[in-house]
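This is what each chain is made of:
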Amino acid sequence: MANERETPAPDSAPQPRLLTGANVVLPTGTVRDGQIAVDGTRIAAAAPAGAEVVDVSGHWLVPGFVDIHNHGGGGASFSGTAEQILTAVRTHREHGTTTLVASTVTDEMDLLVRQAGLLSELAEQGDIAGIHFEGPFISPCRKGAHSEALLRHPEPAEVRKLIDAARGQARMLTLAAELPGGIDSVRLLAEHGVIAAIGHTDGTYEQTVEAIEAGATVATHLFNAMPALGHRAPGPVAALLEDERVTVELINDGTHLHPAALELAFHHAGADRVAFITDAMDAAGQGDGRYLLGPLEVEVSDGVARLVEGGSIAGSTLTLDRAFQRAVTVDGLSVEDTVKALSANPARLLGLFDRVGSLEPGKDADLVLLDADFAVQGVMRRGAWVVAPQLA
């Protein structure tokens with residue numbers, strides 16, 4: 001993996017290049033012995049004059065990954081300072097995530113408002129693709145790694161505070177729509193172009209259907225932090241899987257989901273409605289030890305993050321390159337469907353598919369070079385190498 005060796009310095013400026021000989025995954029399918037031309041920051045229809053030819057035979061070229069739910073990495077959190085936020089962003093870029101939405105975690109409202117202001121500045125600069133608020137509007141019954149003392153009802157006036165603080169950079173907000181004010185807040189989010197995501201919910205099937213009808217379009221880490229699927233009480237899982245308007249997030253780290261649950265989600269939702277996410281916290285790209293997730297202390301052991309108090313799973317240490325590799329080599333998904341879940345689907349969800357999410361002329365030159373074992377060998381973002389390939 002990229003973090004297991006010394007990472008070469010990024011390009012100082014994009015250079016025209018022609019990458020040849022790879023299995024290139026396009027929206028129409030995989031092209032064997034294909035090529036991708038890069039001119040400046042964009043993918044070009046043909047090789048620009050003077051382009052450096054890079055032979056990447058035996059490798060795969062896929063679009064840069066898009067993560068819509070990520071709390072941090074590299075020992076740093078998106079609840080931290082600007083420097084810490086950028087450290088986390090760099091960590092995930094080195095693992096192929098070229099577009100990233102920064103997720104917050106439940107905290108005092110004034111602190112979330114302040115953090116939204118900082119994150120919005122970084123979004124305006126292009127460092128992140130916006131903000132996802134996970135909490136504080138979630139169910140205490142399904143709080144997971146969120147501080148119960150800081151939870152509150154999703155009253156529209158409270159939700160509006162976060163939308164306004166984000167200055168147009170709010171992309172998604174996770175809430176338990178069965179709580180007082182929940183349905184009205186779903187409508188408010190939809191009216192403001194912010195994705196309403198159902199998660200950390202104790203809602204029934206019927207309540208979840210009502211939230212979807214009101215405008216909710218995402219299932220936050222499906223199966224996790226919600227009632228299990230039951231034959232008499234199908235709960236939110238059934239409602240979220242069955243509705244074609246809903247994109248379901250899945251954490252494919254081998255801990256959050258049994259392989260059969262992942263297969264169930266793909267079978268019922270279909271490859272066009274799945275978005276692989278990391279739900280990563282500070283320890284992603286790091287090692288075992290003690291960390292913080294918001295105000296809560298987390299112990300990471302054997303790569304699994306759990307709250308010190310109570311033992312609840314506390315996000316993940318996942319990076320999307322590992323999710324890709326597991327999807328193909330363990331779960332048996334096709335490379336093409338995996339690319340949809342890691343790139344195209346989340347890009348469409350964010351309204352960014354005209355720029356990222358696929359390898360097409362005119363789009364940003366965001367791409368990942370994988371070897372035959374689907375391990376990262378190179379990462380390019382907007383035409384510049386983040387991780388330059390070391391090719392024989």
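See the structure printed just above.
Analysis parameters
- Residues numbered from 1 in each chain as written.
- Predicted model: local features only at pLDDT ≥ 70, side-chain atom pairs only at ≥ 80, totals over all residues.
- Heavy atoms only, no water.
- Pairing = 2+ DSSP bridges.
- Helix = DSSP H or I, 4+ residues; strand = E, 2+ residues; numbered from the N terminus.
- Axes fitted to C-alpha atoms, helices over the stretch in contact; angles between N-to-C directions.
- Buried < 20%, exposed > 50% of the residue type's maximum accessible area, 1.4 Å probe, protein only.
- Polar contact = N/O pair within 3.5 Å; in protein donor to acceptor, adjacent residues only side chain to side chain.
- 1 Å grid on protein atoms, 1.4 Å probe; cavity = no way out; pocket = protein on both sides within 12 Å on 5 of 7 lines; lining within 4 Å.
- Points joined across faces, edges and corners; volume = space filled by probe spheres on them.
- Nonpolar A, V, L, I, M, F, W, Y, C, P; charged D, E, K, R; others polar.
- Core = buried A, V, L, I, M, F, W, Y, C linked by side-chain atoms within 4.5 Å.
- Contact = heavy atoms within 4.5 Å.
- Salt bridge = Lys/Arg side-chain N within 4 Å of Asp/Glu carboxyl O.
- Parallel < 35°, antiparallel > 145°, perpendicular 65-115°, else oblique.
- Left-handed = near helix turned anticlockwise from the far one by under 90°.
- Phe/Tyr/Trp six-rings, centres within 6.5 Å; stacked < 30°, edge-to-face > 60°.
- Lys NZ or Arg CZ within 6 Å of the ring centre and 35° of its normal.

Student: Can you walk me through the sheet that holds strand 14 (residues 247–251) in this structure?
Tutor: The strands making up a sheet are joined through hydrogen bonds of the backbone, oriented either antiparallel or parallel. As summarised here, the arrangement of the eight strands in space is 6-9-10-11-12-13-14-15, forming an open sheet in which the pairing is parallel. At either end of the open sheet lies a strand with only one pairing partner, and these are strand 6 (65–70) and strand 15 (274–277). Note: strand 12 (residues 195–198) against strand 13 (residues 218–219), two bridges, orientation parallel. Bridge pairing in strand 13 links I198 to A219.

Student: Honestly, the sheet that holds strand 16 (residues 289–293) in this entry has me stumped. Any pointers?
Tutor: Pairing within the open sheet is antiparallel, and its three strands lie in the order 16-17-18. Each having just a single partner strand, strand 16 and strand 18 (304–307) make up the two edges of the open sheet. Averaged over all adjacent pairs, the angle separating strand axes in this sheet is 35°, with direction ignored. Sheet topology note: the strand 17 (residues 296–301)/strand 18 ladder contains four bridges and is antiparallel. Within strand 18, the position partnered with S301 by the bridge is V304.

Student: Where do I start with the environment of T329 in this structure?
Tutor: Structurally, T329 can be placed in helix 8 (residues 320–329). Here T329 falls in the partly exposed class, since its relative accessible area comes to 49%. Spatially, the C-alpha atom of T329 lies 8.4 Å from that of F374, the residues being 45 residues apart in sequence. One polar contact links the side chain of T329 to the main-chain carbonyl oxygen of Q325, over a distance of 2.6 Å.

Student: What should I look at first to understand the pairing of strand 19 (residues 367–370) in this one?
Tutor: Residues in a regular strand point their side chains to alternate faces of the sheet. Of the two faces of strand 19, the one lined by L367 and L369 and the one lined by V368 and L370 are each fully buried. If you look at the hairpin formed by strand 19 and strand 20 (residues 376–381), you'll find five residues sitting between the two strands, and F374 has a positive phi there, around 65°.

Student: Would you take a moment to explain empty space enclosed by the protein for this structure?
Tutor: It is the rolling of a water-molecule-sized probe over the atoms that shows where space remains empty. In total, this model carries three cavities of 30 Å³ or more according to the counting rule given. Quantified by volume, the largest cavity comes out at close to 40 Å³. As for the largest cavity, its lining consists of I251, N252, D253, G254, L257, H258, P259, L262, R326 and D331. Class assignment of the residues belonging to the lining of the largest cavity gives a composition of four nonpolar, three polar and three charged.

Student: Any chance you could explain the nonpolar core here in plain terms?
Tutor: Most often, soluble globular proteins have nonpolar side chains that are buried together. Counting residues in hydrophobic clusters, the biggest one holds 94 residues, and the most contacted among them are L222, L250, F266, F276 and F324. Residue contacts for F324: discarding those within four places in its chain leaves V62, F65, V335, T338, V339, L342, L370 and F374. In terms of nonpolar packing, the next biggest core, distinct from the first, is built from 16 residues, I36, V38, V54 and L367 among them.

Student: How should I be thinking about the pattern of salt bridges in this particular structure?
Tutor: Pairs can form between side chains of opposite charge whenever their charged atoms are close. Applying the stated rule across the entire model yields 17 salt bridges. The salt bridge involving E213 is made with R245; its shortest N-O contact spans 2.8 Å. A residue pair is termed long-range when its members are at least 10 positions apart, and E213 in helix 5 (residues 205–214) and R245 in the loop between helix 6 (235–242) and strand 14 qualify at 32 residues. The class of R245 is partly exposed, set by a relative accessible area of 44%. For D272, the salt bridge goes to K340, with nearest N and O atoms at 3.1 Å.

Student: I tried to follow the side chain of T201 on my own but got confused; where do I start?
Tutor: With respect to the helices and strands, the residue T201 is situated in the loop between strand 12 and helix 5. Given a relative accessible area of 1%, T201 falls into the buried group. A distance of 2.7 Å separates polar atoms of two side chains, one belonging to T201 and the other to E178. Within the local environment of T201, its side chain forms a polar contact with the backbone nitrogen of G203, the two atoms lying 2.9 Å apart. When residues no more than four places from it in sequence are discounted, the contact partners of T201 are S139, R142, A176, E178, A225, M226, P227 and P236.

Student: Mind showing me how you'd approach the environment of V113 here?
Tutor: With respect to the helices and strands, the residue V113 is situated in helix 2 (residues 109–124). The exposure class assigned to V113 is partly exposed, which follows from its relative accessible area of 31%. Taking C-alpha positions, V113 is 5.9 Å from L162, a pair spaced 49 residues apart along the chain. Excluding residues within four positions of it along the chain, V113 makes contact with K161, L162 and A165.

Student: What's the story with unusual backbone geometry in this structure? I'm lost.
Tutor: Glycine aside, residues mostly have negative phi angles, and peptide bonds mostly take the trans form. The peptide bond linking G135 to P136 adopts the cis configuration, its omega dihedral lying at 15°. Looking at the secondary structure, you find P136 in the loop between strand 10 (131–134) and helix 3 (156–165). A positive phi is found at F374, a non-glycine position, where the angle reads about 65°.

Student: What is the right way to look at the packing of helix 3 against helix 4 (residues 182–191) in this model?
Tutor: How two helices pack is summed up by the angle between their axes together with the distance between the axes. Contact geometry for helix 3 and helix 4: axes closest at 9 Å, N-to-C directions at 30°. Overall, the two elements helix 3 and helix 4 adopt an arrangement that is roughly parallel. The chirality of how helix 3 crosses helix 4 is right-handed. Of the residues in helix 4, those in contact with P156, V159, R160 and I163 of helix 3 are D184, S185, L188 and L189. Here the residues of the contact of helix 3 with helix 4 are counted per class, giving five nonpolar, one polar and two charged.

Student: Looking at this structure, how should I read the packing of aromatic side chains?
Tutor: Note on aromatic pairs: each is described by the distance of the centres and the angle between the planes. Enumeration according to the criterion identifies four aromatic pairs in this entry. For the ring pair F266 and F276, a centre distance of 5.8 Å and an interplane angle of 55° mean the geometry is tilted. On the criterion of sequence distance, the pair formed by F266 in helix 7 (residues 259–269) and F276 in strand 15 is long-range, its members being 10 residues apart. We note that F266, like F276, is buried. A connected cluster of aromatic rings, assembled from ring pairs, spans W60, F65, F324 and F374. Between the NZ or CZ atom of R348 and the centre of the ring of F353, over which it lies, the distance is 4.0 Å.

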